[in-house]
Amino acid sequence: DERQDNSTNLNAKINWDISGEHKLAISYHGTRKQWSTFDWLWKDHPDNTADFMRKNYALNASFNHVLSKSTYYTLMAGYLDVVYKGSLGGMTPADFWTVDTTGRYVSRFASPTINPSTGFYTESGVESIWRDDHTKTFTFKGDLTSQIHQAHLIKTGIEFQYNTISYIDIEDGGTKLSKYGQGIDSVAPPGPFPLFGQNRWVFDVKPIIASAYIQDKFELEYLVINAGFRLDYFNLGSTVMQDSWVRTWESATGLASDWSRSMMKISPRFGVSFPISENTVVFFSYGHFNQLPELQYFYRDPYSSTFTGNPGLDYEQTILYEFGFTHQLTDYWAVDIKSYGKDISKQIGTTRVYGTLGTPVDLYDNKGYGRARGLEFEIVKNPSDFITGRATYTVQWAN
């Protein structure tokens, strides 16, 4: 019999040492999982809840080539396929409905309703969710490392990612008609089953994500400097640039669309360490780190949901800097003291806005912010007499 949670996994990997300078690795990972969630409110009627299925497989190939004693590069190509489905017994939103003698749609089931005498859902209600998601990701990555000079170690690389994302989430399609299905709206919402569901989220997008970096490690007997930068690129694709999508978004939010189809960010990184005495080394580092928000925050459609995506979102950003020193107390004992700061900005949150009809909508934005300052003290015992260890104490102020 089927259990509540069923999963299978398959992993395979082949390593081929073609020659002393050439190596190839190919790997496969596949997973399939089927499950049903348990909600205490449904304890009397668990068969009225939805079932879910997720399967994904990833295929990757990596090639490493040593050009010389000082230079080598790595190339990687990958493909990821993810399918996610959810429904009540495989029923589509249309399967819940019949047409009466007047030509109106009538649902054969009710929305989840709590029995006041028991505090649990009644038998007449069902979870009528319909999920049908499919994501494909193609990735290419290349890295090069070269000791171009006795004092300079260069690392550089690029990464390119092409995505096709199809997302369908109709939470109440079996029990409620959409505004289009009720005749309130003359324009059908996107995706399948436009007549059904008031809480629906559908998008079909093809974003491109790319990055490149270069780093130089300059090393002398008395000085080490790491310096470089990273370039991040994001292309939204054509869906959110279409006139119908833009007009609906402006109507839902009451705002003007001012986003661009693509954006870029440059992140500098710098670090230096040098001795100030025979036993003491001082170090300092500073860097910008940009992270792309979850793609759903860009694309959540504005047609019928209380939450709306924002194609004008920016990268989430963290600026990290630290200063400190390491002092060798004896041959086996050392102390490390550093102060650090972390400024976190443009984190994803929501702002309540009102559309042209005065309907409230929660819009994703970059208004989240945080800051942390701290001191860290660490004492290290290097291996001797079969004993090694470390003790760390940190004090931090955050808001």
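Structure's up top.
First, a word on scope: everything that follows refers to the structure included in this document. Each chain has its residues counted from 1, following the order in which its sequence is written. Residues qualify for local features only when their pLDDT is at least 70, as the model is predicted, and side-chain atom pairs are given and counted only at 80 or more; totals for whole chains, interfaces and linings, by contrast, use all residues. The side-chain quantities take in all heavy atoms of the structure and omit both hydrogens and water.

### Some remarks on the overall build of the protein chain
The cut-off we apply is this: Elements are defined by DSSP. Helices are runs of H or I of four residues or more, strands are runs of E of two residues or more, and each kind is numbered from the N terminus. Computation of the radius of gyration draws on C-alpha atoms, with the globule rule given as 2.2 Å multiplied by the number of residues to the power 0.38. For the exposure calls, accessible area comes from a 1.4 Å probe over protein chains only, and a residue counts as buried if that area is under 20% of its type's maximum, exposed if over 50%, partly exposed in between. Note on contacts: a residue pair is in contact if any heavy atoms of the two residues lie within 4.5 Å. The Shrake-Rupley method, run with a 1.4 Å probe sphere, supplies the accessible areas, and residue values consider only the shown protein chains as cover. Charge assignment in this entry is limited to Lys and Arg as positive and Asp and Glu as negative, and neither His nor the chain termini are counted. One atom stands in for each charge, and that atom is NZ of Lys, CZ of Arg, CG of Asp or CD of Glu.
The helix and strand inventory of the protein chain stands at 2 helices and 18 strands. In terms of C-alpha radius of gyration, the protein chain reaches 28 Å, well past the compact-globule figure of 21 Å for 399 residues. Based on the C-alpha atoms only, the size of the protein chain along its principal axes is roughly 95 × 50 × 50 Å. The buried share of the protein chain, taken over its 399 residues, is 35%. Taking contacts inside the protein chain between residues at least 6 apart in sequence as the whole, the part at least 24 apart equals 62%. Surface summary for the protein chain: the accessible area is close to 23000 Å², and the carbon and sulfur share equals 56%. Put simply, the protein chain has 36 plus and 44 minus side-chain charges, and the middle of one group is 2 Å from the middle of the other.

### Concerning the packing of aromatic side chains
Aromatic ring pairs are described here by two measures, namely the spacing of the ring centres and the angle between the planes. For the record, the criterion: Within 6.5 Å between ring centres, the rings of Phe, Tyr and Trp (the latter by its six-membered ring) count as paired, and their orientation is classed by plane angle as stacked under 30 degrees, edge-to-face over 60, tilted in between. When the NZ atom of lysine or the CZ atom of arginine is within 6 Å of a ring's centre and also within 35 degrees of its normal, the charge is said to sit over that ring.
Per the counting criterion, the structure on display carries 25 aromatic pairs. Summarising the aromatic geometry, the rings of W40 and F120 are spaced 6.1 Å apart at their centres and angled 75 degrees between planes, so their arrangement reads as edge-to-face. Within this pair, whereas W40 is found in the loop between β2 (22-36) and β3 (51-68), its partner F120 is found in the loop between β6 (105-107) and β7 (130-149), the two being separated by 80 residues in sequence. Accessibility expressed as a relative area gives 54% for W40, which makes it exposed. Connected via pairs of aromatic rings, a cluster forms that spans Y167, W201, F203, F234, F298 and Y299. Lying across the ring of W35, K33 places its NZ or CZ 5.4 Å from the centre. The positively charged end of K43 is found above the aromatic ring belonging to F120, 4.7 Å away from the centroid.

### Concerning a nonpolar patch on the surface
Operational definition: Without a salt bridge and with relative accessible area above 30%, a residue can belong to a patch; like charges are then joined within 9 Å and nonpolar side chains (Val, Leu, Ile, Met, Phe, Trp, Tyr) within 5 Å. The term salt bridge refers to a side-chain nitrogen of Lys or Arg lying within 4 Å of a carboxyl oxygen of Asp or Glu.
A cluster of nonpolar side chains, contributed by L10, I14, I26, Y28, Y57 and L59, occupies part of the molecular surface with about 540 Å² of accessible area. Structurally, Y28 can be placed in strand β2.

### Digging into the pairing of strand β13 (residues 280-291)
Rule in force here: Between any two strands, pairing holds if DSSP finds at least two bridges.
Of the pairings in the sheet, the one linking strand β12 (residues 262-275) to β13 comprises 7 bridges and is antiparallel in character. Its bridge partner being in β13, P275 is matched across the sheet by V281. In sequence, β12 turns back onto β13 through a hairpin of 4 residues. In terms of strand pairing, β13 meets strand β15 (residues 316-328) through 12 bridges, oriented antiparallel. Paired with V281 across the strands is T326, a residue of β15.

### Digging into the nonpolar core
When a protein is soluble and globular, its nonpolar side chains tend to lie buried together. The condition is simple: Side-chain atoms within 4.5 Å are what join buried Ala, Val, Leu, Ile, Met, Phe, Trp, Tyr and Cys residues into a set we call a nonpolar core.
With 23 residues, the main nonpolar core has F203, F234, L236, W259, F298 and Y299 as its most contacted residues. The set of elements that each furnish at least two residues to this core consists of β8 (152-170), β9 (200-205), α1 (243-253), α2 (296-299) and β17 (360-384). Filtering out sequence-adjacent residues up to four positions away, Y299 remains in contact with W201, F203, V205, P207, F234, N235, L236, V240, W245 and G309.

### Quick notes on the pattern of salt bridges
Opposite charge on two side chains lets them pair, provided their charged atoms get close. By the definition in use, this model includes 13 salt bridges. Its salt-bridge partner being R371, residue D343 comes within 2.9 Å of it at the nearest N-O pair. Taken together, the residues D343 in strand β16 (residues 333-354) and R371 in strand β17 connect sequence positions 28 residues apart. Ionic pairing is found between R390 and E378, a salt bridge with its closest N-O pair at 3.1 Å. In this pair, R390 is assigned in strand β18 (residues 387-398) and E378 in strand β17, connecting sequence segments 12 residues apart. Put simply, K265, D314 and K346 are held in one network by salt bridges that share partners.

### Structural notes on the pairing of strand β11 (residues 223-235)
Where strand β10 (residues 208-220) and β11 come together, 13 bridges link them in antiparallel fashion. Paired with F218 across the bridge in β11 is I225. Between β10 and β11, which pair antiparallel and follow one another directly, the connecting turn spans 2 residues. Pairing geometry for β11 and β12, over 12 bridges, is antiparallel. What sits directly across from Y233, in β12, is M264.

### Digging into α1
Worth spelling out the cut-off: What the arc covers is the set of directions going from the helix axis to the C-beta atoms.
Inspection of α1 places W245, V246, W249, A252 and T253 among the buried residues, and these make up the whole buried set. The buried residues of α1 occupy an angular sector of 135 degrees when the element is viewed end-on, so they sit on one face. For α1, the exposed residues set more than 90 degrees away from the buried face come down to D243 and R247. Of the surrounding elements, those touching the buried residues of α1 are α2, β14 (307-308), β16 and β17. Looking at the residues trailing α1, positive phi occurs at G254, about 75 degrees.

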